[in-house]
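# Residue-level structural notes
Okay, here's what each chain looks like letter by letter:
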Amino acid sequence: MSSAPAVVTEGLALSYGSPSPVLEDVELALPAGSSLCVLGPNGGGKTTLFRALTGELTPLRGSVRVDGRPAYLAQTERTRLDFPVSALDVALMGSLANGRWWLPARRSDRAAARGALARVGLEDRADVRFGELSGGQRQRVLLARALVQDARVLLLDEPLAGVDPASGERIEALFRELRDEGRTLLVSTHDVDSARAFDRVLCLNHTQVAFGNPSMALTRAALEQTYGDEIVVLDDDGSGGPVRAVTVQHHHH
Amino acid sequence: MSLLASLPSPGDLVELPFMRTALIELTLLGVAGGLLGAWIVLRRLAFFAHAVGTATFPGLVVADATGFSATVAALAVALGYAGGVERAGRAGRDPGDVATALALVVALALGVVLASDVFESGAAVDRLLFGTALGLNDGDLWIAAGAAALALVATVSLGRAWAATGFDPPGASTVGLPVRVADLLLLGLIAVAAVAALPAVGALLVASLFVVPAATARQVARTIPGLLAISVAVAVAQGAVGLYVSLWLDVSPGPAVAVVGSSLYAVVALGRAVRVGTTSVPAPVVEAT
């Protein structure tokens, strides 16, 4: 694992055009090959941070630096499931990153896309329409696209939401492989429990509540400040280490 | 004399000079409309394509009455409209259906007022709104050929970018695609092609060439190349059949093409509904791990 930081933000504040930030004081540094879990309530700034890391959102204050062009994997429900594209077509979209997007795909691009599908275990589903795949399979196709793109930094928006446990395990194994290759993973999630498996955890609620390894960041105080009354702490042994907790969604009418 | 007895020979379509010109025009526009139409339905720009045609109507009325070039006037209005939509989209404000509908009403009302009270164009209104594929000149053919060539070149060179952007906009921009440029080119190209179609189908029936054939193809195509091919085939076929019907029943070609295209859409939709109704539930998604 290289120690050169793959993602660095300093005093980062973000807004959507207004002078008052929706997210501020984000200060983090991630070495290449590490993983970060981004926790926070809906509207807490997770997606906003990702939009700054992709370069779509210009910082209001502070700075962002990312190694190369990151791959962004939206929740697959945000993609067009009715689109007439196969798993292979989607993986092949990663080859548009090679800077010759106005030319037809080359044979080598197709080979790379097939190879990436094989790596995520979907070579036999290459010709199936993206919208007809299961949630977990779709997520793996988007991972294949990121592999074809050869992104060093991957931003994943709730990749395990609505994914069955078997597919989830497969995706988590892929995450480990990608980290071993020196790629850096930033994963937003609602699943506080899964955060313990990451190298680092970032808690966001309009500001940076906590950043550090899981035992530092997953404290009762940090989680309560992050989620307010949406958090239920299940198991706190009082050692100051990571606690077990779940979030509950309150629906305001 | 019964209708069937008055059926003209299909050969008339190529032997009668005005029919031949109309057939060439509708075939060229079929290529342009079929290709761009595929992107229009994939990118959900059908209402835009309809609006950009209608928006040209007041410009056409002014050009017709003053002797100014109708093509230049329509192009100015159409590109201006496309530019406005792109700017609004870039600022994060989707112009939305309400704004589009409002623009349509204003364009039609303005055109009618100009035609009836300012220029007293009278009879020209029909032609400007619904086209006249039987009164075309070589210039119209060249413009249609240009639109078909542009649509083909753009589909080959920009198709991958348009597909990736329509499928997953944030994902496409992080791949490094110039999403904004590609989108602007798509809107601009639709505007140019709509103007090329005005002499044949008029301001109100642009969608019959640029939306209907692709919408029909969208129901059956399973891949993007398949969608493009079926869409062009349907657009060219509806042009020829529509022209034949107009010769047979002595109706205006523009509306005839529109009716033929819409009927085909309805037949395909009905066929699909019947098939879905008779087959059992769709195969469930298999979770392979």
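Report on the accompanying structure.

### As for the overall build of chain A
- For chain A, the helix and strand inventory stands at seven helices and eleven strands.
- For chain A, whose C-alpha radius of gyration is 19 Å, the value lies close to the compact-globule estimate of 18 Å for 253 residues.
- Dimensions of chain A along its principal axes, counting C-alpha atoms only, are 55 × 45 × 40 Å.
- Buried residues in chain A amount to 48% of all 253 residues.

### Section: unusual backbone geometry
- Despite not being glycine, H206 of chain A shows a phi value in the positive range, around 65°.
- Examined against the element boundaries, H206 of chain A turns out to sit in the loop between β8 (200–204) and β9 (208–212).
- On the basis of neighbour count, H206 of chain A is assigned to the partly exposed category, with 16 C-beta atoms found within 10 Å.
- Positive phi, normally seen in glycine, also occurs at D250 of chain B, with a value near 55°.
- Taking the number of C-beta atoms within 10 Å as the measure of exposure, D250 of chain B has 10 and is therefore exposed.

### What about the interface of chain A and chain B?
- If you look at the interface, chain A gives 29 residues, while chain B gives 26 residues.
- Looking at the side of chain A that touches chain B, the elements with two or more residues in it are β5 (71–73), α4 (135–149) and α5 (165–180) of chain A.
- No other element matches α5 of chain A, which puts three residues into the side of chain A that touches chain B.
- For the side of chain A that touches chain B, the residue count by class is 14 nonpolar, seven polar and eight charged.

### Quick word on the sheet that holds β9 of chain A
Residues and elements named next belong to chain A.
- If you walk across this open sheet you meet the six strands as β5-β6-β7-β3-β8-β9, and the pairing is mixed. Edge positions in the sheet fall to β5 and β9, since each has one partner strand and no second. Taken over all neighbouring pairs, the strand axes of this sheet differ in orientation by 15° on average, direction set aside.
- Where β8 lies against β9, four bridges are found, and the strand directions are antiparallel. Counted as the bridge partner of L204 is Q208 from β9.
- Lying over the sheet, α4 contacts β5 and β6 (153–157), oriented at roughly 175° with respect to β5.
- Across the face of the sheet, α5 comes into contact with β3 (35–39), β6 and β7 (184–189) while running at roughly 150° to β7.

Thresholds, definitions, all that
- Residues numbered from 1 in each chain as written.
- Chains lettered and ligands numbered in written order.
- Predicted model: local features only at pLDDT ≥ 70, side-chain atom pairs only at ≥ 80, totals over all residues.
- Helix = DSSP H or I, 4+ residues; strand = E, 2+ residues; numbered from the N terminus.
- Rg over C-alpha atoms; globule rule 2.2 N^0.38 Å.
- Buried ≥ 20, exposed ≤ 12 C-beta atoms within 10 Å, placed from the backbone.
- Contact = placed C-beta atoms within 7 Å.
- Nonpolar A, V, L, I, M, F, W, Y, C, P; charged D, E, K, R; others polar.
- Pairing = 2+ DSSP bridges.
- Axes fitted to C-alpha atoms, helices over the stretch in contact; angles between N-to-C directions.

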